[in-house]
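# Overview (structure and organization)
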Amino acid sequence: MIRINDIIDKVLEVNPEADTDIINRAYIYSARVHQGQLRLSGEPYLTHPLEVAGILAEMNLDSVSIAAGLLHDVIEDAEETQVTPEALEAMFGKGVAHIVSGVTKISVLPFSSAQARHAESIRKMILAMADDIRVILIKLADRLHNMRTLQYHKPHKRKEIAKETLDIYAPIAGRLGIYWIKQELEDIAFMNLNYGEYSKIKSRLNKGQQEAEKYIQTVKTLIEKKMEASKLRCEVLGRYKHVYSIYQKMISQGLSFEEIYDVIAFRIILSSIPQCYEALGILHSMWKPIPKKFKDYIAVPKPNMYQSLHTTVIGPYGERVEIQIRTWEMDRVAKSGIAAHWSYKEGKAMDPKILERFSWIQNLVENQEHIKDPGEFLENVRIDLFPDEIYVFTPRGEIKSLPKGATPIDFAYMIHTEVGNQCTGAKVNGRMVPLRQELETGNIVEIITAKGHHPSKDWLNFAKTVKARTKIRQWIKAQEKERSISLGREMCEKAFRKYRLNFADQVKSPQMDAVVAEFGLKSLEDLIANVGYGKITPLQVIRKLLPKPEAEEDALLTKLLDKGSRKKPKGGVIVRGMDDILVRFAKCCRPVRGDAITGYITRGYGVTVHRTHCINALKMNPERQIDVEWNPEITETFPVKIRVQALDRVGLLADLAANISKNSANILSARTDTRKDDAQVTLFFTITVGNTTHLEQVLTDIRKIKNVQEVVRMDR
């Protein structure tokens, strides 16, 4: 366990004038309030805040940040620690209390589901991050130590935490440029999500370690001699890429481990930028560069301020070699990201130019402001944190960064909402292109607009940025509401006539205001729109307006007519607040018992059940959304599609079929796609399973089969 003296020594090494008193006081306070608490490992709870503070000290953060790291759990565990934000502020000042409050999860507010609580915690963290970047730096240190001790959790909890880490925290670390945290988080998460593939890659790396060390030394010596001959003083480093990045390359390019050429990467560190370009010229004269594999992040830095020259060359043995060239300052920034620019002097603000480079954080906040649905919110956060980016130019030469795969529609909405809404076409490098065409780095993009033009629902199929998707959805929602109000009014007028009521007169009566309030709605317009959406029936409105005796008589008649015909729901899903409604499962995402699900009212088809993260569900109007849940009384099987990627061999299909059958899963269909040039085979199965646990067991067993590289459940 790290000691408080080690942390203080590290702080003083970076800044001899640091306020260590606040760190000491925070340590004593944390030790007192956490006394008697234990972690799942059986260790005293104090080990956790100490390790978090140690990570923050390694990141060279200021005393206030490290004190906040020592205290980051005291409010969250308030039931045991009896600590309030006010008490914390009184003892340690506004700065520490503000940061600790930002790090604290939302655990006391009531939410409709665990997903809603989780989404709100992430939302709060993002808002706090925009207010003070130190909040997320402490959160990353907290998550890193929790991941290092993940083995003490139950298997299902390990997978849940690992998935969240891979989706949210590792991308944030990448966007902040703290790559060492990103890589460690990814590797631990990957190990817990897919231990079979992780251990295969790890064992192969260990097996070839002796040969790799010889190779690294040979290449280093060749580069150093050449640089020395040109009087360039430099340091050359060779290293293995981390396990998860190797796995991603294997999957994205359909390669086996043996075919990955850049498992080892080299780095050349020099004193100045001119020397970097000179070293690049020397390398390209030594070994032939590979076209399109050169990237100049010195001239055009990444949004997280990362700078380097990247090149891939044909090395001394005819193999591909990836090399990065940078200065010492660039190397410092590459290792620490935004933390490298943090002011170590207490009370000093960060350079506004530095904060400007991290404006994506503010964009993240703005993009999430109006999204209420937790599933959509979490999906949008993942999109916003997507690490791969492209750089395009406006006709005036301004650089704009967009996620990889972005289209002219995304570019249009980035310029302005009205430009996006009125977009009719686009020119890329002076030529007209379809709006769905993917942009590439270096493109000059010009948007053509026309007054009175409106967004199309089809744009959601290829819009990549959250801003574009949100604005398109807002426009569609407004249009659908208008149509639903018109339909709802028509339905109400027809139903009211049957009861000898004039709908136009009734809407002006005070009773109607009471009915609107009873349904928990804000206005009459909302009530009529809900009738049009299908969430409320005209008869429900009439029953609340009719005089009591008549209403009771009507209710009794309905009850007598329904008696005997109404049965308990037979389906595997219950629609909250509704009986005898047609329910069907969406074919696009094929929900399985145990999945988080949501329902959407579809005119003429009842309620369609989707997985909460289904892309098609996220495109739908949230006004049509309705709560659904799995019926615990019904047991049935569900069809699900899976994709298996493997190296082809005799008996592979037979082994797969045997494994699926062994786990009591039925195969409905099977299809194979073989690539003869590299012996790769992709197999697609539709199988039936009882629930997500059953599915996970099937996938786990398939991963153990020889030559299998990847097994995934398909979303569509």
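Now for a quick tour of the structure. Here the residue index of a chain counts from 1 through its sequence in written order. In keeping with the predicted nature of the model, local features appear solely for residues at pLDDT of at least 70, side-chain atom pairs appear and are counted solely at 80 or more, and the whole-chain, interface and lining totals rest on all residues. Only hydrogens and water are removed before side-chain values are computed, so all heavy atoms of the structure are retained for them.

### Details of the packing of aromatic side chains
For clarity, the threshold we go by: Side-chain rings of Phe, Tyr and Trp, where Trp is taken by its six-membered ring, are said to pair if the distance between their centres is within 6.5 Å; with planes under 30 degrees apart they count as stacked, over 60 as edge-to-face, and otherwise as tilted. Numbered from the N terminus, helices here are DSSP runs of H or I no shorter than four residues, and strands are runs of E no shorter than two. Three exposure classes are used, based on accessible area relative to the maximum for each residue type with a 1.4 Å probe and protein chains only: buried under 20%, partly exposed in between, and exposed over 50%. Either the NZ atom of lysine or the CZ atom of arginine qualifies as a charge over a ring when it sits within 6 Å of the ring centre and within 35 degrees of the ring normal.
On inspection of all chains with the given rule, the structure shows 12 aromatic pairs. Centre to centre, the rings of Y215 and F266 are 6.1 Å apart; their planes meet at 65°, and the pair counts as edge-to-face. One end of the pair, Y215, is in helix α12 (residues 209–229); the other, F266, is in strand β2 (residues 264–270), and 51 residues separate them in sequence. Residue classification places Y215 among the buried positions, given a relative accessible area of 19%. Its relative accessible area of 1% is what places F266 among the buried residues. Every member of this aromatic cluster is reached through a ring pair, and the members are F190, Y198, Y244 and Y247. Positioned above the aromatic ring of F519, the side-chain terminus of K544 is 5.2 Å from the ring centre.

### Observations regarding unusual backbone geometry
Phi angles above zero are rare outside glycine, and N60 is one such case at about 60°. Position of N60 relative to the elements: it lies in the loop between α3 (47–58) and α4 (63–70). Positive phi values are uncommon outside glycine, yet R500 reaches one of about 55°. Among the structural elements, R500 can be located in the loop between α21 (466–498) and α22 (503–506). Of the residues examined, R500 reaches a relative accessible area of 81% and is grouped as exposed.

### Things to note about the pattern of salt bridges
We apply this condition: Whenever a carboxyl oxygen of Asp or Glu lies within 4 Å of a side-chain nitrogen of Lys or Arg, that contact is scored as a salt bridge.
One pass over the full model with this rule turns up 23 salt bridges. Between E160 and K157 there is a salt bridge; the shortest N-O distance is 3.4 Å. Of the two residues, E160 and K157 both sit in helix α9 (residues 155–175), 3 residues apart, roughly one turn of that helix. Measuring nitrogen to oxygen at the nearest pair gives 3.8 Å for the salt bridge that ties D331 to R267. One end of the pair, D331, is in helix α15 (residues 328–336); the other, R267, is in strand β2, with 64 residues separating them in the sequence.

### Concerning the packing of α21 against helix α25 (residues 538–545)
Between two packed helices, what matters for the description is the angle formed by their axes and the separation of those axes. What counts, and what does not: For every element, the axis is a line fit to its C-alpha atoms; helices are fit only across the contacting stretch, and the angle between N-to-C directions ranges from 0 to 180 degrees. Any angle from 65 to 115 degrees is called roughly perpendicular, while one under 35 is roughly parallel, one over 145 is roughly antiparallel, and all others are oblique. The crossing is said to be left-handed when, going from far helix to near helix, the turn is anticlockwise and less than a right angle, and right-handed when the turn is clockwise. Throughout, a contact is declared for two residues whenever any of their heavy atoms are within 4.5 Å. Asp, Glu, Lys and Arg are counted as charged, while Ala, Val, Leu, Ile, Met, Phe, Trp, Tyr, Cys and Pro are counted as nonpolar; the rest, among them Gly, fall into the polar class.
Here α21 crosses α25 at 50°, and the two axes come no closer than 9 Å. When the axis of α21 is compared with that of α25, the two are oblique. Considering the relative orientation of α21 and α25, their crossing is right-handed. Here M491, C492, A495 and F496 of α21 come into contact with α25, specifically with P538, V541, I542 and L545. Tallied by class, the residues present in the contact of α21 with α25 amount to 8 nonpolar, no polar and no charged.

### Examining the environment of R593
Spelled out, the test is: By the criterion applied in these results, polar contacts are pairs of N or O atoms within 3.5 Å in which, for protein atoms, one can donate a hydrogen and the other can accept it, and in which residues neighboring in sequence qualify only through two side-chain atoms.
Within the element layout of this structure, R593 appears in the loop between β12 (583–585) and β13 (597–602). Remark: the alpha-carbon pair of R593 and H694, spanning 101 residues in sequence, is separated by 9.7 Å. Ignoring anything within four residues of it in the chain, the contact list for R593 reads G572, W630, N631, P632, I634, T635, F638, G690, N691 and T692. Looking at R593, its side chain comes within polar contact range of the main-chain oxygen of N631, at 3.1 Å.

### Some points on the pairing of strand β14 (residues 606–611)
Here is the rule we go by: For two strands to be treated as a pair, DSSP must find at least two bridges joining them.
Most of β14 sits out of view: 6 of its 6 residues are buried. In this sheet, β14 lies alongside β12 in parallel orientation, the contact comprising 3 bridges. Residue pairing across strands places F585 opposite V609, the latter belonging to β14. The pairing of β13 with β14 spans 6 bridges and is antiparallel. In the strand pairing of β14, G599 is matched with V609.

### So, the side chain of R611
Relative to the helices and strands, R611 resides in strand β14. Non-local contacts of R611, meaning those with residues more than four positions away in its chain, are made with C589, R590, P591, D595, A596, I597, A617, R713, M714 and D715.

### A word on the nonpolar core
Soluble, globular proteins show a tendency: their nonpolar side chains are buried together. Where we set the bar: Throughout, nonpolar core names a set of buried Ala, Val, Leu, Ile, Met, Phe, Trp, Tyr and Cys residues whose side chains join them through atoms within 4.5 Å.
Formed by 71 residues in total, the largest nonpolar core has its most connected members in L71, L88, V96, L140 and I201. For I201, the contacting residues outside a window of four places in its chain are F190, V243, I246, Y247, M250 and F257. Of all hydrophobic cores here, the second largest spans 31 residues; its members include W630, V644, A665 and I705.

### Some thoughts on α3
Stated precisely, the cut-off is as follows: Residue count minus one, scaled by 1.5 Å, sets the expected span of a helix.
Relative to the 16 Å expected for 12 residues at 1.5 Å per residue, α3 spans 16 Å between its end C-alpha atoms, a close match to the ideal helical length. Taking burial as the measure, the 12 residues of α3 include 10 buried ones, the bulk of the element. T47, H48, P49, L50, V52, A53, G54, I55, L56 and A57 are the residues of α3 that are buried. Buried residues along α3 sit in contact with α1 (4–14), α2 (20–33), α4, α8 (134–148) and α10 (179–193).

### What to know about the environment of N24
Here N24 lies in helix α2. Through-space distance from the C-alpha of N24 to that of I4 is 7.8 Å; in sequence the pair is 20 residues apart. Apart from the residues lying within four places of it in its own chain, the contact partners of N24 are I4 and I8.

### A closer look at the sheet that holds strand β4 (residues 309–314)
Strand pairing within a sheet occurs via backbone hydrogen bonds; the two strands may be parallel or antiparallel. Here 5 strands make up an open sheet; going across it, the order is β1-β2-β5-β4-β3 and the pairing mixed. Two strands lie at the open edges of the sheet, namely β1 (235–240) and β3 (295–296), each paired on one side alone. Here 2 bridges tie β3 to β4, and the two strands are oriented antiparallel to one another. Paired with D296 across the strands is L309, a residue of β4. Its contacts with the sheet place helix α14 (residues 273–286) against β2, β3, β4 and β5 (320–327), and it is angled at close to 160° to β5.

### Some thoughts on a positive patch on the surface
Filter applied, for reference: The residues that make up patches have over 30% relative accessible area and no salt bridge, and they are joined within 9 Å when like-charged or within 5 Å when they are Val, Leu, Ile, Met, Phe, Trp or Tyr. The protein chains shown are the only cover counted for residues, whose accessible areas, like all others here, come from Shrake-Rupley with a 1.4 Å probe. Only four residue types enter the charge count: Lys and Arg as positive, Asp and Glu as negative, with His and the chain ends excluded. Where a charge lies is defined by one atom per residue type, namely NZ (Lys), CZ (Arg), CG (Asp) and CD (Glu).
Together, K293, K295, R320 and K404 line one region of the surface with positive charge. Within the secondary structure, K295 sits in strand β3.

### Let's talk about the pairing of strand β7 (residues 399–403)
Remember that side chains alternate between the two faces of the sheet whenever the strand is regular. Examined bridge by bridge, strand β6 (residues 389–393) and β7 share 5 bridges and lie antiparallel to one another. Across the sheet, the residue bridging to V392 is K400, located in β7. In this structure, the hairpin formed by β6 and β7 is closed by a connection of 5 residues, where G397 is found at a positive phi of approximately 95°.

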